[in-house]
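So the chains spell out like this:
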Amino acid sequence: MIILTDAAHDEHGLDGYEGSRAGDQTGDEVRNITYDKVRGFWNDSRTQVIRCLRDDVREAYTIRCQQTADNAHVGYSQPNRKTFYEQLQKDPDPSHISVDVECDCSALINGCVNITLRTIGHRDANVIYQYGRTADMPKMYSASVLFEFVESQIDLKTGKGLKRGDILVIPNKHTAVVYDVIPDPEPPKYDKYGEATTEVYLRTAPSAFAQKCNIQMQGEGIRNYLKKGERVPIIGESGAWYQVAINGVYSWTPWVSKRYITIV
């Protein structure tokens with residue numbers, strides 16, 4: 001699972017020009033969101049992915065973005081986007097902001113990157129402009145010795161290849177940072193598999209008289225049988241019956257007669 005942090009919208013779901021109040025009024029003006037929910041947006045030929053070459057810098061600005069998302073004093077507004085960085089100039093830790101301020105998507109990302117570089121005294125703080133817009137970001141980051149563009153290595157349909165701290169940007173549209181990449185759980189491993197030798201009904205218990213199952217087979221509609229040649233994990237047995245895991249899910253564990261299953 002991939003989690004992004006971005007500044008998304010004001011309390012009206014808009015850009016802040018309609019009388020929005022400072023601070024996060026809804027809890028998700030500056031937010032965390034899974035890539036799965038927005039991959040349709042980022043799966044765009046214009047998307048660029050910017051990766052920091054220094055681990056300490058990448059970690060520091062990513063943490064600052066997350067601290068901003070966690071601070072209810074920071075909301076979203078384009079017209080008042082500079083107030084966020086004005087507070088970072090006083091204290092580079094976003095979690096210490098105690099007055100209501102605003103940022104937009106680019107002010108969040110560029111502000112956190114810029115203040116990180118200023119904190120460590122890196123000269124590229126003069127390259128990554130804290131108030132730069134998304135349209136400016138490709139030029140700014142390509143001029144820095146600390147960043148490279150890696151979108152050619154990323155599957156934008158799934159987010160595969162993204163790393164913590166990667167910055168996504170569609171110029172003139174939006175930007176976000178990858179806050180976390182949580183590995184998908186390992187699929188269950190089975191010691192034994194069976195293959196149906198014919199079309200055969202699934203049963204709720206190890207008995208020919210047991211009720212036929214009515215199970216949702218993923219991607220294949222509702223059916224209570226195995227197709228000829230279909231392979232399933234075998235997780236148990238009782239007399240003349242095997243207990244099987246449908247599509248590898250332990251919660252769907254019907255029974256099928258051994259007469260119609262060949263161990264493979």
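Residues numbered from 1 in each chain as written. Predicted model: local features only at pLDDT ≥ 70, side-chain atom pairs only at ≥ 80, totals over all residues. Heavy atoms only, no water.

Let us now look at the sheet that holds strand 7 (residues 167-170). An order of 2-1-8-7-3-6 is seen for the 6 strands of this open sheet, with the pairing classed as antiparallel. Strands with a single pairing partner mark the edges of an open sheet, and in this sheet they are strand 2 (30-34) and strand 6 (147-149). Averaged over all adjacent pairs, the angle separating strand axes in this sheet is 30°, with direction ignored. Two strands pair when backbone bridges link them, and strand 3 (residues 48-52) and strand 7 are joined in this way by 3 bridges, in the antiparallel orientation. Looking at the pairing, Ile 50 lines up with Ile 167 of strand 7. Sheet contacts for helix 1 (residues 35-42): strand 1 (2-7), strand 2, strand 7 and strand 8 (174-181); angle to strand 2, the most-contacted strand, approximately 95°. (Pairing = 2+ DSSP bridges. Helix = DSSP H or I, 4+ residues; strand = E, 2+ residues; numbered from the N terminus. Axes fitted to C-alpha atoms, helices over the stretch in contact; angles between N-to-C directions. Contact = heavy atoms within 4.5 Å.)

With that out of the way, let us pick up the packing of helix 2 (residues 55-70) against helix 4 (residues 105-120). The interhelical angle for the contact between helix 2 and helix 4, taken along N-to-C directions, is 130°, at an axis separation of 9 Å. With respect to their mutual orientation, helix 2 and helix 4 come out oblique. Between helix 2 and helix 4 lies a crossing whose hand is right-handed. Contact residues: Val 57, Ala 60, Tyr 61, Arg 64, Cys 65 and Thr 68 in helix 2; Leu 108, Ile 109, Cys 112, Val 113, Ile 115, Thr 116, Leu 117, Thr 119 and Ile 120 in helix 4. Looking at the contact of helix 2 with helix 4, its residues break down into 11 nonpolar, 3 polar and 1 charged. (Parallel < 35°, antiparallel > 145°, perpendicular 65-115°, else oblique. Left-handed = near helix turned anticlockwise from the far one by under 90°. Nonpolar A, V, L, I, M, F, W, Y, C, P; charged D, E, K, R; others polar.)

This paragraph deals with the pattern of salt bridges. Under the counting rule described, the total for this entry stands at 13 salt bridges. Note that Glu 59 is salt-bridged to Arg 164, the shortest N-O span being 2.9 Å. Highlighted residues: Glu 59 in helix 2 and Arg 164 in the loop between strand 6 and strand 7, separated in sequence by 105 residues. We note a salt bridge from Arg 133 to Asp 104, for which the minimum N-O separation is 3.4 Å. In this pair, Arg 133 is assigned in the loop between helix 4 and helix 5 (137-142) and Asp 104 in the loop between strand 5 (101-103) and helix 4, connecting sequence segments 29 residues apart. Overall, the relative accessible area of 2% leaves Asp 104 in the buried class. Salt bridges linked by common partners bring Arg 81, Asp 104 and Arg 133 together as one network. (Salt bridge = Lys/Arg side-chain N within 4 Å of Asp/Glu carboxyl O. Buried < 20%, exposed > 50% of the residue type's maximum accessible area, 1.4 Å probe, protein only.)

As a further point, take the sheet that holds strand 15 (residues 241-244). Reading across the sheet, the 5 strands line up as 16-15-14-9-17 and stay open at both edges, with antiparallel pairing between neighbours. Strands at the two margins of the open sheet, each flanked by one partner only, are strand 16 (255-257) and strand 17 (261-263). Averaged over all pairs of adjacent strands, the angle between strand axes in this sheet comes to 50°, irrespective of strand direction. In terms of strand pairing, strand 14 (residues 231-238) meets strand 15 through 4 bridges, oriented antiparallel. Its bridge partner being in strand 15, Gly 236 is matched across the sheet by Gln 243.

These values are about where atoms sit, not about what they do.
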